[in-house]
Amino acid sequence: MTPLAKQPFDTVVAEHGARILRVCRAVLGPTADADDAWSETFLAALKAWPDFPDDGRVEAWLVTIAHRKAIDVTRARARRPIPVAEITEPAPEPAPQDRSDELWDAVRGLPPKQRQAVAYHHLGGLRHAEVADLIGGSAASARKAASDGIRALRTLLQDPKGA
(Lines give C-alpha, C1' and ligand atoms only; values in the text may rest on other atoms or scores of the structure.)
Protein backbone atom coordinates (compact mmCIF):
# COMPACT_ATOMS: atom_id res chain seq x y z
CA MET A 1 0.00 0.00 0.00
CA THR A 2 1.43 3.35 -0.99
CA PRO A 3 1.25 6.24 1.48
CA LEU A 4 -1.24 9.04 0.85
CA ALA A 5 0.23 11.96 -1.02
CA LYS A 6 0.37 15.13 1.03
CA GLN A 7 -1.99 17.79 -0.26
CA PRO A 8 -0.67 21.23 -1.24
CA PHE A 9 -0.61 23.69 1.65
CA ASP A 10 -2.96 26.16 -0.06
CA THR A 11 -5.56 23.38 -0.09
CA VAL A 12 -5.07 22.94 3.67
CA VAL A 13 -5.66 26.67 4.21
CA ALA A 14 -8.76 26.65 2.02
CA GLU A 15 -10.16 23.56 3.74
CA HIS A 16 -9.41 24.46 7.37
CA GLY A 17 -8.96 28.25 7.38
CA ALA A 18 -12.51 29.19 8.34
CA ARG A 19 -12.65 26.66 11.18
CA ILE A 20 -9.31 27.78 12.61
CA LEU A 21 -10.44 31.43 12.41
CA ARG A 22 -13.60 30.51 14.37
CA VAL A 23 -11.42 28.85 17.02
CA CYS A 24 -9.15 31.90 17.28
CA ARG A 25 -12.15 34.22 17.54
CA ALA A 26 -13.83 32.05 20.16
CA VAL A 27 -10.71 32.10 22.32
CA LEU A 28 -9.61 35.71 21.75
CA GLY A 29 -12.84 37.38 20.71
CA PRO A 30 -13.63 38.83 17.29
CA THR A 31 -10.65 41.17 17.32
CA ALA A 32 -7.58 41.90 15.26
CA ASP A 33 -5.70 39.72 17.79
CA ALA A 34 -7.74 36.72 16.62
CA ASP A 35 -6.94 37.53 13.01
CA ASP A 36 -3.25 37.84 13.91
CA ALA A 37 -3.34 34.48 15.74
CA TRP A 38 -4.93 32.92 12.65
CA SER A 39 -2.19 34.32 10.42
CA GLU A 40 0.54 33.22 12.81
CA THR A 41 -1.03 29.74 12.96
CA PHE A 42 -0.78 29.27 9.22
CA LEU A 43 2.70 30.80 8.99
CA ALA A 44 3.93 28.33 11.62
CA ALA A 45 2.08 25.49 9.90
CA LEU A 46 3.59 26.40 6.53
CA LYS A 47 7.09 26.23 7.99
CA ALA A 48 6.39 22.81 9.54
CA TRP A 49 4.34 21.43 6.62
CA PRO A 50 7.23 19.58 4.91
CA ASP A 51 7.78 17.53 8.10
CA PHE A 52 4.09 16.83 8.78
CA PRO A 53 3.36 13.10 8.51
CA ASP A 54 1.19 12.01 5.58
CA ASP A 55 -1.19 10.15 7.92
CA GLY A 56 -1.46 12.94 10.54
CA ARG A 57 -4.70 14.69 11.56
CA VAL A 58 -4.26 18.08 9.93
CA GLU A 59 -7.23 19.68 11.71
CA ALA A 60 -6.09 18.65 15.19
CA TRP A 61 -2.56 19.81 14.39
CA LEU A 62 -3.81 23.21 13.22
CA VAL A 63 -6.06 23.66 16.27
CA THR A 64 -3.10 22.85 18.52
CA ILE A 65 -0.99 25.48 16.76
CA ALA A 66 -3.87 27.99 16.98
CA HIS A 67 -4.18 27.26 20.72
CA ARG A 68 -0.49 28.03 21.23
CA LYS A 69 -0.70 31.20 19.14
CA ALA A 70 -3.74 32.33 21.17
CA ILE A 71 -1.73 31.83 24.35
CA ASP A 72 1.09 33.90 22.84
CA VAL A 73 -1.38 36.69 22.00
CA THR A 74 -2.88 36.60 25.49
CA ARG A 75 0.59 36.87 27.05
CA ALA A 76 1.52 39.70 24.69
CA ARG A 77 -1.67 41.57 25.67
CA ALA A 78 -0.67 41.37 29.31
CA ARG A 79 2.76 42.85 28.55
CA ARG A 80 1.52 45.73 26.40
CA PRO A 81 1.63 49.13 28.01
CA ILE A 82 -1.72 50.76 28.47
CA PRO A 83 -1.63 54.30 27.14
CA VAL A 84 -3.23 56.86 29.40
CA ALA A 85 -4.26 60.37 28.61
CA GLU A 86 -6.57 62.87 30.12
CA ILE A 87 -9.99 62.07 28.81
CA THR A 88 -12.77 64.52 29.50
CA GLU A 89 -15.59 62.27 28.34
CA PRO A 90 -15.82 58.53 27.81
CA ALA A 91 -15.16 57.13 24.38
CA PRO A 92 -18.31 56.43 22.39
CA GLU A 93 -19.56 52.87 22.27
CA PRO A 94 -18.82 51.20 18.95
CA ALA A 95 -21.88 50.54 16.83
CA PRO A 96 -23.00 46.91 16.89
CA GLN A 97 -21.63 45.10 13.88
CA ASP A 98 -24.21 42.36 13.64
CA ARG A 99 -26.33 40.00 15.71
CA SER A 100 -23.35 37.74 16.40
CA ASP A 101 -22.10 40.32 18.94
CA GLU A 102 -24.51 38.83 21.48
CA LEU A 103 -23.08 35.37 20.88
CA TRP A 104 -19.46 36.61 21.12
CA ASP A 105 -20.29 38.42 24.36
CA ALA A 106 -21.80 35.22 25.74
CA VAL A 107 -18.77 33.14 24.68
CA ARG A 108 -16.41 35.77 26.10
CA GLY A 109 -18.35 35.61 29.40
CA LEU A 110 -17.69 31.89 29.87
CA PRO A 111 -15.00 30.79 32.33
CA PRO A 112 -11.70 30.18 30.48
CA LYS A 113 -11.79 26.36 30.57
CA GLN A 114 -15.37 26.25 29.32
CA ARG A 115 -14.64 28.81 26.59
CA GLN A 116 -11.59 26.87 25.42
CA ALA A 117 -13.37 23.49 25.60
CA VAL A 118 -16.28 24.84 23.54
CA ALA A 119 -13.93 26.43 21.01
CA TYR A 120 -11.61 23.47 20.58
CA HIS A 121 -14.28 20.75 20.58
CA HIS A 122 -17.30 22.35 18.93
CA LEU A 123 -15.55 24.81 16.62
CA GLY A 124 -12.18 23.11 16.20
CA GLY A 125 -13.51 19.57 15.91
CA LEU A 126 -11.05 18.09 18.39
CA ARG A 127 -11.88 15.00 20.41
CA HIS A 128 -12.33 15.52 24.15
CA ALA A 129 -9.02 13.75 24.84
CA GLU A 130 -7.25 16.18 22.50
CA VAL A 131 -8.97 19.12 24.18
CA ALA A 132 -7.80 17.79 27.55
CA ASP A 133 -4.22 17.65 26.25
CA LEU A 134 -4.45 21.34 25.35
CA ILE A 135 -6.23 22.76 28.39
CA GLY A 136 -5.24 20.23 31.03
CA GLY A 137 -7.24 17.62 32.90
CA SER A 138 -8.88 14.45 31.67
CA ALA A 139 -11.07 13.77 28.66
CA ALA A 140 -14.03 13.55 31.04
CA SER A 141 -13.27 16.99 32.50
CA ALA A 142 -12.94 18.45 28.98
CA ARG A 143 -16.27 16.86 28.03
CA LYS A 144 -17.88 18.33 31.18
CA ALA A 145 -16.39 21.79 30.54
CA ALA A 146 -17.65 21.77 26.94
CA SER A 147 -21.08 20.57 28.05
CA ASP A 148 -21.30 23.17 30.83
CA GLY A 149 -20.20 25.88 28.41
CA ILE A 150 -22.84 24.97 25.82
CA ARG A 151 -25.50 24.77 28.55
CA ALA A 152 -24.50 28.23 29.82
CA LEU A 153 -24.58 29.67 26.29
CA ARG A 154 -28.03 28.22 25.65
CA THR A 155 -29.30 29.64 28.93
CA LEU A 156 -27.80 33.09 28.29
CA LEU A 157 -28.98 33.29 24.70
CA GLN A 158 -32.51 32.09 25.46
CA ASP A 159 -32.94 34.48 28.40
CA PRO A 160 -30.17 37.13 28.39
CA LYS A 161 -31.20 38.46 31.81
CA GLY A 162 -30.78 35.01 33.37
CA ALA A 163 -34.30 35.08 34.82
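Residues numbered from 1 in each chain as written. Predicted model: local features only at pLDDT ≥ 70, side-chain atom pairs only at ≥ 80, totals over all residues. Heavy atoms only, no water.

This part is about the packing of helix α1 (residues 9-28) against helix α3 (residues 58-79). For the pair α1 and α3, interaxial distance at closest approach is 10 Å and the crossing angle is 40 degrees. Pair α1 / α3 crosses with right-handed handedness. Judged by residue contacts, Val12, His16, Arg19, Ile20, Cys24, Val27 and Leu28 of α1 engage Val58, Glu59, Leu62, Val63, Ala66, Ala70, Val73, Thr74 and Arg77 from α3. Here the residues of the contact of α1 with α3 are counted per class, giving 11 nonpolar, two polar and three charged. (Axes fitted to C-alpha atoms, helices over the stretch in contact; angles between N-to-C directions. Helix = DSSP H or I, 4+ residues; strand = E, 2+ residues; numbered from the N terminus. Left-handed = near helix turned anticlockwise from the far one by under 90°. Contact = heavy atoms within 4.5 Å. Nonpolar A, V, L, I, M, F, W, Y, C, P; charged D, E, K, R; others polar.)

Time to look at the environment of leucine 28. Residue placement: leucine 28 occurs in helix α1. In this view, leucine 28 contacts Asp33, Ala34, Ala37, Ala70, Val73, Thr74 and Arg77; residues no more than four positions away in its chain are not counted.

This next bit is on helix α7 (residues 139-158). In this model α7 runs 28 Å from its N-terminal to its C-terminal C-alpha over 20 residues, within 8% of the 28 Å that 1.5 Å per residue would give. Taken together, the buried positions of α7 are occupied by Ala142, Ala145, Ala146, Asp148, Gly149, Ile150 and Leu153. (Expected span 1.5 Å × (residues − 1). Buried < 20%, exposed > 50% of the residue type's maximum accessible area, 1.4 Å probe, protein only.)

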